[in-house]
Amino acid sequence: MGTRHRPPVRRLLYAVLAFGALALAGCSTLPASTLDTYGDHARRIHELLVPIAWMALAVFLVVEGALIYTVLRYRRRAAGTMPRQVHGNTNVEIMWTIAPALIVVVVSVLTFRTQAANSQMPADALKIHAIGHQWWFEFRYPEQGIDGADLVTASDMYIPVGRPVTVQLEAADVMHNFWVPKLAGKTYMIPGKTNYLTFTAEQPGIYRAVCAEFCGEAHALMRFRVIALEPAEYDSWVAQHRVAPVIGGGGVLGGDPNRGKELFLNARKLCITCHVIEGTGAKGIIGPNLSYYGSRQTIAAGIMPYSPENLERWLKHGYEIKPGNLMSRVLTRDWIAANLTDQDIKDLVAYLDSMKVNVALPPAR
Amino acid sequence: MAHSSHPGRIGTANVGSLGVDSRKLGVWTFIGSEALFFAALITTYLVFAPVNMARADAQNPKEYLDIWLTSVLAALLLASSLTMVLALAAVRRGDMKLFRVWLLATVGLGFSFLGGQVYEFTELYHHGATLSSSLFGTTFFVLTGFHGTHVLIGAIWLLSVFFKVQRYPDSPETVMDVELGGLYWHFVDLVWVVIFTVIYLI
Amino acid sequence: MAIAQGHVGHVSAPPATTVPAGLAGWLSTVDHKRIGIIYMLAAFVFFIIGGIEALLMRVQLGTPENTFLTPDFYNQLFTMHGTTMIFLAVMPMNVGLGNYVVPLMIGARDMAFPRLNAMSVWLFILGGLMLYFSFFAGGAPNVGWFAYAPLTQKPYSPTFGVDYWILGLLLTGVASIAGALNFIVTILNMRAPGLSLNRMPLFVWMQLIVGFILVFAFPALTVAQIELLFDRHFGTRFFVPSQGGDAVLWQHLFWFFGHPEVYILILPVMGIVSETLPTFSRKPIFGYAFVAFSGVAIGFLGFLVWAHHMFGVGLGPLANAFFAGASFLIAVPTGVKIFNWIATMYDGALSLTTSMLYSIGFIAMFIIGGLSGITLASPPVDLQQTDSYYVVAHLHYVLFGGSILGLFAGVFYWFPKVTGRMLDERLGKVQFWLMMISFNVTFFPMHIIGTDGMPRRIYTYESGMGWDLWNLVATVGAFLMAASVLLFLWNLMVSLRRGAPAGNDPWDAATLEWSVSSPPPPHNFDQIPVVHSRRPLWDHKYPEHAGDGHGASAPDPLVAGFEQPAIHLPSPTYHPLILGVGLTTLFFGILYSSIPPLSISLAVVGLALVAFAIVGWVRDSHKDSPYAAH
Ligand code: HEM
Ligand SMILES: [Cu+2]
Ligand SMILES: [Cu+2]
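None of the values given here were measured: they were computed from a predicted structure.

Give me the pattern of salt bridges: which residues, what numbers.
If charged atoms from side chains of opposite charge come close, those side chains can pair. This model, assessed by the stated rule, comprises 30 salt bridges over all chains. The shortest N-O distance in the salt bridge between E138(A) and R140(A) comes to 2.6 Å. A relative accessible area of 9% means that E138(A) is categorised as buried. In this structure R140(A) comes out as partly exposed when scored by relative accessible area, which is 26%. Of the charged contacts in the structure, one is a salt bridge between E462(C) and R208(A), with a shortest N-O distance of 2.4 Å.

What follows is the structure, given as structure tokens:
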């Protein structure tokens, strides 16, 4: 009886294995895959996951196999069969208490080793201050600023390759969660508490990142990018960023950047209540710092690729693009209709687009 | 089997398979749950005590609380535990007159405690300690307020026992009714001892 | 069957308690069987509602950048879906089955506190209704089922949704604690003579453990919710970080409750399959003591692992290591149970009824959920998997693949006892296979998209992340699951009317509930049986296969060997229901504290109702005292 049923069992196992392998292989090059790592923190986690996953697969096959075997083997006994009334077997039971305990000990040891490695914080690490806001990320570089002020940016976090980075995580309003799947595991940003996360990018690249903790209406649209540059390139980025931006190049979309700048700095147009642009009168600190906005990778915290056209859309229809965001709650549709002409918006776009940092960007991973 | 002499029966006043009255078992279980309730509240208080002191708007409990007043209150509550014991002893003896006296005394002491607490709260409010004035205010009023609410519930419980005994003088459950009310009352007193120690003494 | 019924002649006639007919009879009932049925029906309705919420979410996520739902409505849906499934579907379903079956299994005529039992069921339903009322009162809660601080504070959540969440759940919390207390006392104190703890059916064991977990875990949630309520209404600052409050404290309190809660959801189901597997294998459970004590171990360890939900919070490597260790440890008793179940089937004479299929399905799926739990218990790995769809997959494998499949096993098993009719087996099996396949189609891909970086609780996602296909697959699977549930509903309605008559003991089972008629008489047992072993009915039917493996063969358990107590059932009463309504009204008063006239009048009415109910309740309890003169 038993032999007759073995082939289907085996076929099932092959199917599971094949499916698992396919699934894992399929993942590896996707933009946010945790199995395609470029940072030491994420890599060590992956290296820990692999043996655990193999053990889990083994346990899965053995236990599900035993289950399916038992069911198939004993499902058709003659009606009225009275099986032997076995009540238990202490030795066997002790054995199968010890077996999972041993597996668990192995997993624990592996886990604690990785944990120790991943919680190192070298003193010479680059320090970056990341602050979660509803619904965007702010990055401050305390060691790169001038005259005691931080170098500040938003939505794009630039780091050097090969040097450990310690990110100091905080939150301005509610809880957020800092997650760059290809570089490091996630860590909460908690108001009233400071967390640290140290990792090293091992290859240059532009990496996807998100807020991973539900933080309100537009949580799904709270993303950012980590841009890991070769050290020399990174130093050049810092050096350029330390200098206040100036208008460079002509206007896009037929806008006039100089008029855009005037509009931006006109208190009646409200931009300066919330935004900073270094070296100008824009000193609002509620929204993201917009210095060198023309070099951003994305608009509105990672939800649209940066382009003058998208920027124009954002300024016109922010509410539709990112529901609930603070800017559109203040600059309502009516307010914009009454205070900004289409040409004004084109001029503003031309101004913001004119401030660029010149670095060679790595590939998106 | 030892149990076979205790047939299961439904309803109240039931000595069942464990050899304990079901209601008593129920009240003990309830007290277990209540103990965790207060453990969580007291933990909250302890977590915030140092945070409060480290803040610019700190309110130092030592400056706000009147240890003498609360000592008197604690004494009232402890005395009520004693009268509760006396009430139970009296009802066990069948001395209904003394029972009434001691039970009402217990309730009276409970209400005096509550009165004292109301006085303490109003004083604190006048001195600027409120639910929102500081972490001390937040944690203090919620913890002691919920304890006060439990004293009130205990007092109502005892009153209901009192009226039940008045209404059904011959009920065979009277002793157990009193014992259960008393059990809860002692628990509430005991919680006060812990709170008193945590807030006022340490 | 002739068993217990044969003794009717020896005792006084069944009790003459007058039960009002129709709806009034249900509203005033104190019969554990009727209360169990109310629990189960209400839980099933909430299960359907939670399922509809899930379908809406799956439609929204079926394609990238979908605009089927608004973000805020989506956020309300996932909050209500989680809260509903946990507090209003699975928990009360467990309680309902327990309510119905436990007294029958232990040879009791009712729960220890029948009126408290009635109060619990009404408070659960009223709490659920109050929570759902939020949809019509400015918007449902939209902060997730664990409602992390400080998003729940007024400035970030200005609607009444969070208040409904707090107060509705506080009501169900009171119901749960009262219910748990009732189970504990019933099980410890109402057992038939001879039914010692180590002879109790394992379902009863698990209900007992759950009772203790509930009584000790719920207060933490209650305190957290009260503190949050005070923050929102009375100006305190427990969870307001800008004023020194502590957002992490909320998580500690919540998960101190929350992890034990997952065992509250799964242990009764483990109890169910510990009944069905032996019955349908015609063997005793393998290693009774191991199964019982691993339940105790799980219950105990469950209180020591809460911070494995908080590895990303930054508690420090040492704390994380401790909670990881404890979490790994808890895998051991869980594994033991699985081995024991398989060994129970081994060498058995299996009959693959629908109930049995669901029990096997439960084991098969729970293994997967357990294994994904192991990876999550490893803090470094957790940091990649937490808050991603991997967690969504994990929790559905244990809560759906575990609890819900096991509950189906229990429903197919006990439906004949409750209604006197069999559920249709053919429909049942079709439904089972549809469910198994669609469940895996829906939730297995979530492991993959989680590993591929898809965060949870997002109402939309961009294309090109490699998530599109799997999300669509999951959505299709969800609709197939819905079809399976509809099939069950159909089965339920058809079988209620035309199902084959069940008889006392359709499965040839071993425990006492099968010794009485289906449905059982109001007083359950004409004669309280005397129990001599773990399988009283089995030993009665198969004396030659009796005993519990230690040699001694027992006397016939179903022959009473002692003076029978008079049958005495408590009379129906509305006071528990009135108490529930009063408390709910009072809670509405608290909720609208910002509108004093409304608030005060609601509170006054509520308190008056409560006072009225308590007075009546005391009178009821006096009237029903077994000692009272009639
Ligand atoms: C016409 C004047 C303004 C201009 C040109 C402007 C420009 C921008 C731009 C380009 C972004 C996207 C930044 C990014 O990619 O992350 C943005 C986002 C934002 N702005 Fe403004 N802004 C203006 C006025 C304001 C005002 C008055 C406020 C404050 C009430 C404000 C608050 C914000 C906030 C909070 C965000 C982040 C939105 C989110 O992603 O959730 N802005 N603004
Ligand atoms: Cu978020
Ligand atoms: Cu947990």
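Once you've had a look at it, read on.
Please provide a residue-by-residue account of the packing of helix α5 (residues 135–167) of chain B against helix α6 (residues 174–201) of chain B, values included.
Residue and element names in this part refer to chain B. α6 packs onto α5 with a crossing angle of 165° between their chain directions and a minimal axis gap of 10 Å. Considering their axes alone, α5 and α6 lie roughly antiparallel with respect to each other. Regarding α5 and α6, the two cross each other, and that crossing is left-handed. Classifying every residue of the contact of α5 with α6 by side-chain character gives 19 nonpolar, seven polar and two charged.

Can you explain the interface of chain C and chain B? Please cite residues and give values.
A common way to express how large an interface is: the accessible area buried when the components associate. Chain C puts 49 residues into the contact, and the matching count from chain B is 49 residues. Summing both partners gives a buried area of about 4,300 Å² for chain C against chain B, and 70% of it is carried by carbon and sulfur. The salt bridge involving R237(C) is made with D57(B); its shortest N-O contact spans 2.8 Å. Counting the contacts that link chain C with chain B gives eight residue pairs in polar contact (both at pLDDT 80 or more). In terms of residue count, helix α6 (residues 202–234) of chain C provides more of the side of chain C that touches chain B than any other element does, nine residues in total. Of the residues belonging to the side of chain C that touches chain B, the class tally is 26 nonpolar, 14 polar and nine charged.

Account for unusual backbone geometry, with residues named and values stated.
Apart from glycine, the bulk of residues carry a negative phi angle, and the bulk of peptide bonds sit in the trans form. Cis peptide bonds are those with omega within 30 degrees of zero, and the linkage from Q134(A) to W135(A) qualifies with 0°. Here W135(A) shows up in the loop between β1 (126–133) and β2 (136–141). The residue D387(C) is not glycine, and still its phi comes out positive at about 60°. Within the secondary structure layout, D387(C) lies in the loop between α11 (379–385) and α12 (389–419). Look at D387(C) and you get buried, because its relative accessible area is 3%.

For the coordination of the iron atom of ligand 1, give the residues involved together with the corresponding values.
Residues and elements named next belong to chain A. Protein-derived coordination of the iron atom of ligand 1 comes from H275 (NE2) and M327 (SD), at a distance range of 2.1 Å. Coordination at the iron atom of ligand 1 is octahedral, judged from the six donor atoms that bind it and the angles of 80 to 180° they form at the metal. Residue H275 is found in the loop between α6 (271–274) and β11 (298–299), and its partner M327 is found in helix α8 (residues 326–330); the two are separated by 52 residues along the sequence. Using a relative accessible area of 11% as the deciding quantity, one classes H275 as buried.

Got a sec to walk through the domain arrangement of chain A? Specific residues and values, please.
All names here are of chain A. Segmenting chain A into domains produces domain 1 (32–70 + 90–119), domain 2 (126–241) and domain 3 (257–354). The C-alpha centroid of domain 3 is placed 22 Å from the C-alpha centroid of domain 2. Contact residues are listed per partner, giving 18 residues for domain 2 and 19 residues for domain 3. Carbon and sulfur atoms supply 55% of the area that domain 2 and domain 3 bury against each other, a total of about 1,600 Å² over both sides. Per-residue buried area on domain 2 facing domain 3 is highest for W135, W136 and L221; these three make up 29% of the total on that side.

Tell me about the sheet that holds strand β8 (residues 195–199) of chain A, and please be specific about residues and values.
All names here are of chain A. Within the open sheet, the five strands sit side by side as β3-β2-β1-β5-β8. Their pairing is mixed. If you trace the sheet from one side to the other, it starts and ends with β3 (151–154) and β8, each paired once. Each neighbouring strand pair of the sheet contributes to a mean axis angle of 25°, computed without reference to strand direction. Note that β1 and β2 share five bridges and pair antiparallel. Following the sheet pairing, H133 is matched in β2 by W136. Against the sheet, helix α4 (residues 231–242) contacts β1, β2 and β3, and its axis sits at roughly 105° relative to β3.

Please provide a residue-by-residue account of the sheet that holds strand β4 (residues 156–160) of chain A, values included.
Residues and elements named next belong to chain A. Strand order across the open sheet formed by five strands is β4-β10-β9-β6-β7, with mixed pairing between neighbours. Either end of the sheet is taken by a strand with one partner, and the two such strands are β4 and β7 (184–189). Neighbour to neighbour, the strand axes of the sheet diverge by 25° on average, direction disregarded. Bridge analysis of β4 against strand β10 (residues 223–229) gives five bridges, and the strand direction is parallel. Residue pairing in the sheet places Y158 in a bridge with I227 of β10. On top of the sheet, α4 reaches β4 and β10; it is set at about 130° to β4, its chief contact.

Help me get a handle on the interface of chain C and chain A, residues and values and all.
Between chain C and chain A, the contact holds 95 residues from the first and 82 residues from the second. For the pairing of chain C and chain A, the buried interface totals around 7,300 Å² over both sides, and the portion due to carbon and sulfur atoms is 69%. Seen at the junction of chain C and chain A, the total is three salt bridges. Taken together, the connections running from chain C to chain A amount to 23 residue pairs in polar contact (both at pLDDT 80 or more). Residue assignment for the side of chain C that touches chain A shows that the elements contributing at least two residues are α3 (71–105), α7 (247–281), α8 (288–301), α9 (317–345), α10 (354–377), α11 and α13 (425–451) of chain C. The greatest single-element share of the side of chain C that touches chain A, amounting to 16 residues, is contributed by α9(C). Within the side of chain C that touches chain A, the residues separate by chemical class into 57 nonpolar, 26 polar and 12 charged.

So what's going on with the coordination of the copper ion (ligand 2)? Which residues, and what values?
Between any two of four tetrahedral donors, the ideal angle at the metal is 109.5 degrees; between two of six octahedral donors, it is 90 or 180 degrees. All names here are of chain A. Protein-derived coordination of the copper ion (ligand 2) comes from C211 (SG), E213 (O), C215 (SG) and H219 (ND1), at a distance range of 2.1 to 2.4 Å. In primary-sequence terms, the residues that donate to the copper ion (ligand 2) follow C-x1-E-x1-C-x3-H. On the accessibility criterion, C215 (0% relative accessible area) is buried.

An account of the packing of helix α2 (residues 32–61) of chain C against helix α4 (residues 114–133) of chain C is requested, with residue identities and associated values reported.
When two helices pack together, you describe them by how their axes are tilted relative to each other and by the distance separating the axes. All names here are of chain C. Orientation of α2 relative to α4, taken along the N-to-C sense of each, is 15°, at an axis distance of 10 Å. Classified by the angle their axes make, α2 and α4 are roughly parallel. Our pair here, α2 against α4, has a crossing hand that is left-handed. Between α2 and α4, the contacting residues are H32, I35, I38, Y39, A42, A43, F46, I49 and E53 on the first element and P114, N117, A118, S120, V121, W122, F124, I125, G128, L129 and Y132 on the second. Of the residues belonging to the contact of α2 with α4, the class tally is 15 nonpolar, four polar and one charged.

Help me get a handle on the arrangement of the chains, residues and values and all.
Ranking by contact count across two pairs of chains in contact places chains A and C at the top. One thing to see here is that chain A and chain B don't touch, and their nearest C-alpha atoms sit 12 Å from each other.

Mind laying out empty space enclosed by the protein, listing which residues take part and the relevant values?
The probe, sized like a water molecule, is rolled over the atoms to show the empty space still left. Residues and elements named next belong to chain C. Taken as a whole and assessed by the stated rule, the structure comprises eight cavities of 30 Å³ or more. Roughly 290 Å³ of internal volume is contained in the largest cavity. Forming the boundary of the largest cavity are 26 residues, of which P278, I285, A510, R534 and R535 lie nearest the centre. For the lining of the largest cavity, the secondary-structure elements that each account for two or more residues are α7 and α15 (536–541). Of the residues forming the lining of the largest cavity, the biggest block, four residues, is contributed by α7. Across the lining of the largest cavity, the residue classes break down as 11 nonpolar, six polar and nine charged. Taken together, 19 residues line the second largest cavity, and the ones lying closest to its centre are M91, P92, V95, S176 and L214. For the lining of the second largest cavity, the elements supplying multiple residues, two or more each, are α3, α5 (161–189), α6 and α7. The element best represented in the lining of the second largest cavity is α5, accounting for six residues. Partitioning the lining of the second largest cavity into residue classes produces 13 nonpolar, six polar and no charged.

Explain the packing of aromatic side chains to me, using residue names and the numbers behind them.
Following the criterion strictly, the structure yields 89 aromatic pairs over all chains and no others. With a centroid separation of 5.0 Å and 85° between ring planes, the pair formed by F121(B) and F141(B) is classed as edge-to-face. Of the two residues, F121(B) is situated in helix α4 (residues 96–126) and F141(B) in helix α5; the sequence distance between them amounts to 20 residues. Considering the side-chain rings of F87(C) and F257(C), the 6.0 Å spacing of their centres and the 15° angle between planes classify their relative orientation as stacked. Here the residue F87(C) occupies a position in helix α3, and F257(C) occupies one in helix α7, the gap between them amounting to 170 residues. The same class applies to F87(C) as to F257(C), namely buried. Lying over the aromatic face of W179(A), K186(A) brings its terminal NZ or CZ to 3.8 Å of the ring centre. For R457(C), the ring lying beneath its charged end belongs to F146(C), and the centroid distance is 4.3 Å.

Here is what the cut-offs are and how they apply
Residues numbered from 1 in each chain as written. Chains lettered and ligands numbered in written order. Predicted model: local features only at pLDDT ≥ 70, side-chain atom pairs only at ≥ 80, totals over all residues. Heavy atoms only, no water. Salt bridge = Lys/Arg side-chain N within 4 Å of Asp/Glu carboxyl O. Buried < 20%, exposed > 50% of the residue type's maximum accessible area, 1.4 Å probe, protein only. Axes fitted to C-alpha atoms, helices over the stretch in contact; angles between N-to-C directions. Helix = DSSP H or I, 4+ residues; strand = E, 2+ residues; numbered from the N terminus. Parallel < 35°, antiparallel > 145°, perpendicular 65-115°, else oblique. Left-handed = near helix turned anticlockwise from the far one by under 90°. Nonpolar A, V, L, I, M, F, W, Y, C, P; charged D, E, K, R; others polar. Contact = heavy atoms within 4.5 Å. Buried area = accessible area lost by both parts, 1.4 Å probe. Polar contact = N/O pair within 3.5 Å; in protein donor to acceptor, adjacent residues only side chain to side chain. Donors = N, O, S within 2.8 Å, 3.2 Å for Na, K, Ca; no water. Tetrahedral: all angles 85-135°; square planar, octahedral: opposite > 155°, others 65-115°. Domains from an automatic or database assignment. Pairing = 2+ DSSP bridges. 1 Å grid on protein atoms, 1.4 Å probe; cavity = no way out; pocket = protein on both sides within 12 Å on 5 of 7 lines; lining within 4 Å. Points joined across faces, edges and corners; volume = space filled by probe spheres on them. Phe/Tyr/Trp six-rings, centres within 6.5 Å; stacked < 30°, edge-to-face > 60°. Lys NZ or Arg CZ within 6 Å of the ring centre and 35° of its normal.

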